[in-house]
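Per-entry structural report
Okay, here's what each chain looks like letter by letter:
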Amino acid sequence: MTDVAEAAQTAEVTELVEVTEAAVSVEASVDAARATEVSTAVAETEEWRRLVTVTDAADRGAAEAGVRLAYRLAGLDEPERVEWVASPREAVARVLAAPPGELGASVRDVVRSRPWAAERDAWHAAVGRAAWSEHWQRTGGRLWDTTRTLTERIATGVVAELAGAPEEQGAVRLALLDAVHGQHDAPWLAAFGAADGRLAGLAAVARSAGWWWPYEKVALVAERPTELHRDEAGRLDRADGPALAFPDGFALHAWRGMPVPAAFLDELGGLTPQRIRAEENAELRRIMLEFYGYDRYLEESGARPMDRDETGVLWRIDLPDDEPAVMVEVVNSTPEPDGTHRTYWLRVPPRTRTARQGVAWTFGLAEESYAPVLET
C-alpha cells in the first residue's frame, strides 16, 4: 500500500470514527432529553394527582384570574362577574333558579371543549397517535379511572338531591353538562402539560378551585370539597361519616365505593348477626358482612365448614334472597414480624365445593392444576 493510499484509508477510518462518535453523542443527547421529558411529565402528573384530592378552601383570587384568562384565550369578553357557590349542588340550583337571560348562554363549548380538542389534535399531529397513547398512559391515564368515577358520583348525588320527580332530572342533567370540572379535569391537564398556551386559564382554575360553570354574563365557581376519604383503590370509602363533603353540607356516603345512605353508617357500630340477616338489601348486607368481619359472623352464627384440607377451610353463609357467601379461610405460611401467622378470608364463587378448588380459583386455575411448589 502506498503512502497516499494508506493516508487516505486512515482518513476514512478517522472520519468513520468521528461520525460514529457524533451519532452516539446525538443519540445519547436524545435519550437524555427523552428521559428528562418523561421525568418531568411524571412529576407533573403526581402534582395533578395531589390537586385532585385537595380539600383546602379555594384560592379565589387565582381562580377568578384563571376564569377571566380562559374567556380571553377563547376569544370571548370576560364575564361581567364571577359568583362563588359552596358546591356543585348549589351551582346547579343557582342555574335552575336564574331568571331567563340573567346568566347568559353557556359558553362551555368555546371556553373548554374547543381548546381541548385543538390541543389534542396538536398533540396527535406533533407526535403521532401511537406516541400520544404512550404519553397518555404515563400521565393522564394514571388518574383517569378514579377521577372519572369521582365526577360521576358527584353528578349522581346532585341529581338525587335536586331532581325530586323524574321530569326534573332532565333539567338538572342539562345544567351539569354546562360544568367544567376544575380540579377533577386533572387527567387531561396532566397529559397536555397546560401551564401555558390555550389551556392556561383552565389549568389555573383547576389548580385553585372546584367545578365551575361558564356563561356569557356570569361564571359560577364552586368551592373544593372540605372532606375526601378514599380507600387504597381510590374509591370513596368511610364508615363513620361522609366520604365526600362540601361546605354547604352536600355530601356523599360510601363504603369501598358503594353508595350508602348516611343513616346506614350509623348502624355499623352496633351490628349483630341477626341484624345482618334481617337486612333486605343484598348490597347493604354484603357491606355489613365486610364491616362486621366474616370470621366473627361465622363464629357467632355457629356456622360449620363445608370442607377442610391442607390448603384451608371452606365456609358457606346462606343469605336470604341472595347468593350464598362462600369463602376460603387460609393461613399465610410466612410469619408476621411478631411471629404470628395472618389468616385471610377469600371470597370465592358460590359453586365452590372444596377448599382446594376455592384457593385454585383465586389463582385463576382449575382444582386439578393447583399444586403449589412453595407456599408464601
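Everything below is about the structure printed above this text.
The rules behind each value
Residues numbered from 1 in each chain as written. Predicted model: local features only at pLDDT ≥ 70, side-chain atom pairs only at ≥ 80, totals over all residues. Heavy atoms only, no water. Buried < 20%, exposed > 50% of the residue type's maximum accessible area, 1.4 Å probe, protein only. Pairing = 2+ DSSP bridges. Helix = DSSP H or I, 4+ residues; strand = E, 2+ residues; numbered from the N terminus. Axes fitted to C-alpha atoms, helices over the stretch in contact; angles between N-to-C directions. Contact = heavy atoms within 4.5 Å. Polar contact = N/O pair within 3.5 Å; in protein donor to acceptor, adjacent residues only side chain to side chain. Left-handed = near helix turned anticlockwise from the far one by under 90°. Nonpolar A, V, L, I, M, F, W, Y, C, P; charged D, E, K, R; others polar. Phe/Tyr/Trp six-rings, centres within 6.5 Å; stacked < 30°, edge-to-face > 60°. Core = buried A, V, L, I, M, F, W, Y, C linked by side-chain atoms within 4.5 Å.

**Some details on unusual backbone geometry**
Residues other than glycine seldom take positive phi values, yet R256 does so here, at roughly 50°. In this structure R256 comes out as partly exposed when scored by relative accessible area, which is 40%.

**Notes on the sheet that holds strand β10 (residues 312-317)**
A sheet is described by the order of its strands in space; here four strands give the open sequence β9-β10-β11-β12, paired in antiparallel fashion. Edge positions in the sheet fall to β9 (307-309) and β12 (343-348), since each of these pairs with one other strand and no more. Strand after strand, the sheet turns through a mean of 20° between neighbouring axes, direction not considered. Two strands pair when backbone bridges link them, and β9 and β10 are joined in this way by three bridges, in the antiparallel orientation. If you follow R308 over to β10, its bridge partner there is V313. The strands that helix α14 (residues 355-362) touches are β9, β10, β11 (325-331) and β12; relative to β12, the one it contacts most, it runs at about 85°.

**Structural notes on the side chain of R285**
Mapped onto the fold, R285 is located in helix α12 (residues 282-292). Judged by relative accessible area, which is 1%, R285 ranks as buried. Polar side-chain contacts of R285 include one of 2.7 Å to the backbone oxygen of E279.

**A short note on the sheet that holds strand β2 (residues 212-214)**
A sheet is described by the order of its strands in space; here three strands give the open sequence β1-β3-β2, paired in mixed fashion. Each having just a single partner strand, β1 (81-85) and β2 make up the two edges of the open sheet. For this sheet, the mean angle separating the axes of adjacent strands, direction not counted, is 20°. With five bridges connecting them, β1 and strand β3 (residues 218-222) associate as parallel partners.

**Looking at the packing of helix α6 (residues 141-162) against helix α7 (residues 166-177)**
Here α6 crosses α7 at 145°, and the two axes come no closer than 9 Å. Our pair here, α6 against α7, has a crossing hand that is right-handed. Each of A155, V158, V159 and L162 in α6 lies in contact with α7, whose residues at this interface are E168, Q169, V172, R173 and L176. Classifying every residue of the contact of α6 with α7 by side-chain character gives six nonpolar, one polar and two charged.

**Looking at the packing of aromatic side chains**
Enumeration according to the criterion identifies 12 aromatic pairs in this entry. Taking 6.1 Å as the distance between ring centres and 65° as the angle between the ring planes, the aromatic pair formed by W136 and W144 counts as edge-to-face. A relative accessible area of 13% means that W136 is categorised as buried. Using a relative accessible area of 28% as the deciding quantity, one classes W144 as partly exposed. A connected cluster of aromatic rings, assembled from ring pairs, spans W116, W123, W132, W136, W144, W188 and F192.

**Structural notes on the nonpolar core**
W48, V67, L202 and W212 are the most contacted members of the largest nonpolar core, which has 32 residues in total. Mapped by element, the contributors of at least two residues to this core are α1 (3-52), α2 (60-73), β1, α4 (108-127), α5 (129-138), α8 (186-192), α9 (200-206) and β3. Here the element with the most residues in this core is α8; it accounts for five residues. Those residues within four positions of L202 in sequence are excluded, and the remaining contacts are A70, V111, R112, W116, V180, L189 and W212.

**A look at the environment of P350**
Structurally, P350 is set in the loop between β12 and α14. A relative accessible area of 25% means that P350 is categorised as partly exposed. Each C-alpha atom, one on P350 and one on A325, is 6.6 Å from the other, the two residues being 25 residues apart in sequence. The contact partners of P350, leaving out residues within four places of it in the chain, are R316, E323, P324 and V326.

So far we have only geometry, and geometry alone does not tell us how the molecule works.
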